[in-house]
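Residue-level structural notes
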Amino acid sequence: MITRTEKTRKFVKAIWHRLAVRDVRSTPVFILGEMRSGTNMLTDCLDRCWRTATYNESDDDAFVGYALRDDETVMQLVQKSRANFVVFKSLADLARARELLRLFPDAKVVWIFRNYQDVVNSAMRKWTEHNKYLSYILNDPERAGWRAKNLPKSLIEKIRLHYERGISDTSARALIWYVRNSMFFEQSLDSAPNVCLVRYEDLAQSPDQEFDRIFQFLNLPLSRAYYSRVSTRSIRRDKSPEVDGEIARLCEDLLDRMKNEIPANKIT
């Protein structure tokens with residue numbers, strides 16, 4: 001459930017859209033990526049733009065159990081909106097990005113990723129039982145819910161390989177980072193013109209350049225006020241977590257691949 005402040009802002013923006021926007025066809029934007037990767041920061045920055053309507057995963061209008069509501073409900077939210085862009089921070093729907101792009105042919109996806117070591121450190125402070133997350137995927141897909149949705153057999157078998165040999169909770173979290181970010185390539189999002197790949201560290205360290213790239217991709221006017229609170233404080237703030245060597249190599253290789261992919265993304 002969203003806070004009273006968030007409700008008020010949402011209400012005021014909706015009124016502004018009704019009064020100031022004419023004959024607009026709203027475009028959905030899906031913010032995707034692994035948890036603790038800067039998705040809240042990016043969503044907050046987009047929310048400061050008056051031309052957007054934003055739905056975080058705590059908003060009951062668009063989400064239930066952190067996942068998007070049924071397709072018809074999401075479609076109605078977009079169709080009824082008078083905002084230029086309707087933004088959904090829908091991390092639980094990361095593995096159905098292609099499905100969302102088929103449902104909304106004019107949609108945009110912004111996928112943000114962050115160094116796995118910082119993600120692991122942040123996640124370990126917030127959650128526990130990361131091995132149990134993997135266990136649900138392998139042994140109880142129904143209970144796993146969105147965590148197991150659309151995962152290819154190759155990734156499930158990779159989870160099984162490492163889980164069954166026994167790994168620490170820290171290494172389990174790193175493996176989750178690998179699995180979830182692998183879905184960027186598993187869904188061939190690297191070849192989709194309506195997908196923008198963003199690196200958290202670039203956003204924090206070069207906000208003028210990176211936010212300009214994102215807002216050009218969305219065809220939105222940019223103001224520095226939107227990202228004035230962005231800082232570099234959380235980049236490599238803690239020492240590197242102790243991650244199993246094999247899993248660390250998987251993560252490093254994928255991290256390099258994602259970094260190398262950013263220049264290939266086209267602004268359309």
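Everything quoted here is computed from the prediction, not taken from an experiment. The residue count restarts for each chain, going from 1 along the sequence in the order it is written. Where local features are concerned, this predicted model is filtered to residues with pLDDT of at least 70; where side-chain atom pairs are given and counted, the filter is 80 or more; whole-chain, interface and lining totals use all residues. Hydrogens and waters are ignored; side-chain quantities use all the structure's heavy atoms.

On to the overall build of the protein. Secondary structure elements are taken from DSSP: a helix is a run of H or I of four residues or more, a strand is a run of E of two residues or more, and numbering for both begins at the N terminus. A tally of regular secondary structure across the protein gives twelve helices and seven strands. In terms of its C-alpha atoms, the protein occupies a principal-axis envelope of roughly 60 × 40 × 35 Å. Each residue's exposure class comes from its accessible area (1.4 Å probe, protein chains only) as a fraction of the maximum for that residue type: buried when under 20%, exposed when over 50%, partly exposed otherwise. The burial tally for the protein puts 54% of its 268 residues in the buried class. We call two residues contacting when some pair of their heavy atoms lies within 4.5 Å. The contacts in the protein between residues at least 6 apart in sequence include a share of 82% that link residues at least 24 apart. This count recognises Lys and Arg as positive and Asp and Glu as negative, with His and chain-terminal groups excluded. By convention, charge coordinates are those of NZ in Lys, CZ in Arg, CG in Asp, or CD in Glu. Taking the average location of the 44 positive side-chain charges in the protein and that of its 37 negative ones, the two points are 5 Å from each other.

Here, a salt bridge means any side-chain nitrogen of Lys or Arg that lies within 4 Å of a carboxyl oxygen of Asp or Glu. Evaluation of the coordinates by the stated rule reveals 20 salt bridges. Of the charged contacts, one joins Asp93 and Arg96 as a salt bridge, the two residues approaching to 3.2 Å between their closest N and O atoms. The buried category is assigned to Arg96, whose relative accessible area is 8%. Note that Asp208 is salt-bridged to Arg224, the shortest N-O span being 3.3 Å. Here Asp208 is found in helix 11 (residues 207-218), whereas its partner Arg224 is found in the loop between helix 11 and helix 12 (245-261), with 16 residues between them in sequence. Each of Asp71, Asp93, Arg96 and Glu99 takes part in a single network of salt bridges with overlapping partners.

Counting buried positions along helix 6 (residues 130-139) yields eight of ten residues, so the element is predominantly enclosed. Of all the residues in helix 6, the buried ones are His130, Asn131, Tyr133, Leu134, Ser135, Tyr136, Ile137 and Leu138. If you follow the buried residues of helix 6, they end up packed against helix 5 (116-126), helix 7 (141-144), helix 8 (153-164) and helix 9 (169-186).

Let us now look at the pairing of strand 7 (residues 195-199). Burial runs high along strand 7: five of the five residues are buried. Side chains Val195, Leu197 and Arg199 of strand 7 all project onto a buried face; the interleaved residues Cys196 and Val198 project onto the opposite face, where all are buried too. With five bridges joining them, strand 6 (residues 108-113) and strand 7 adopt parallel strand pairing. Bridged to Ile112 within strand 7 is Val198. Pairing between strands is defined by DSSP: at least two bridges between them are needed.

Here we take up the sheet that holds strand 5 (residues 85-89). Taken together, five strands build an open sheet; the order of strands is 2-5-1-6-7 and the sheet is parallel. The open sheet has two edge strands, strand 2 (52-55) and strand 7, and neither has a second partner. Averaged over all neighbouring strand pairs, the angle between strand axes comes to 20°, with direction disregarded. As paired elements, strand 1 (residues 27-32) and strand 5 share five bridges and run parallel to each other. Paired with Val29 across the strands is Val87, a residue of strand 5. Sitting on the sheet, helix 9 touches strand 6 and strand 7, and the angle it makes with strand 6 is about 140°. Under this scheme, a helix contributes an axis fitted over its contacting stretch, all axes are lines through C-alpha atoms, and angles between N-to-C directions fall in the 0 to 180 degree range.

Another point: the confidence of the model for the protein. Here pLDDT means the predictor's own confidence in every residue, given as a number from 0 to 100. With 98% of its residues at a pLDDT of 70 or more, the protein shows a mean pLDDT of 94. In this model, residues 264-268 is a region of pLDDT below 50 whose contacts with residues beyond four sequence positions or in other chains number 13 contacts.

Bringing the pairing of strand 1 into the picture now. Across the six residues of strand 1, six count as buried, placing the element largely inside the fold. Taken together, the four bridges between strand 1 and strand 6 define a ladder with parallel strand orientation. When the sheet's bridge partners are listed, Phe30 is paired in strand 6 with Val109.

Time to look at the nonpolar core. Burial of nonpolar side chains together is a common tendency in soluble globular proteins. Phe30, Phe88, Trp111 and Tyr178 are the most contacted members of the largest nonpolar core, which has 63 residues in total. In terms of residues, this core owes the most to one element, helix 9, which gives ten residues. Contact partners of Phe30, with chain neighbours within four places excluded, come to Leu68, Phe88, Ser90, Leu100, Phe104, Ala107, Lys108, Val109 and Val110. Residues belong to a common nonpolar core when they are buried Ala, Val, Leu, Ile, Met, Phe, Trp, Tyr or Cys residues joined through side-chain atoms within 4.5 Å.

This part covers the environment of Glu6. Within the element layout of this structure, Glu6 appears in helix 1 (residues 4-20). The exposure class of Glu6 is partly exposed, given its relative accessible area of 38%. For the pair Glu6 and Asp59, spaced 53 residues apart in the sequence, the C-alpha separation amounts to 9.4 Å. We call two N or O atoms a polar contact when they sit within 3.5 Å, provided that within protein one can donate a hydrogen and the other can accept it, with sequence-adjacent residues counted only if both atoms are side-chain atoms. Engagement of the side chain of Glu6 in a polar contact is seen with the backbone nitrogen of Thr3, the distance being 2.8 Å.

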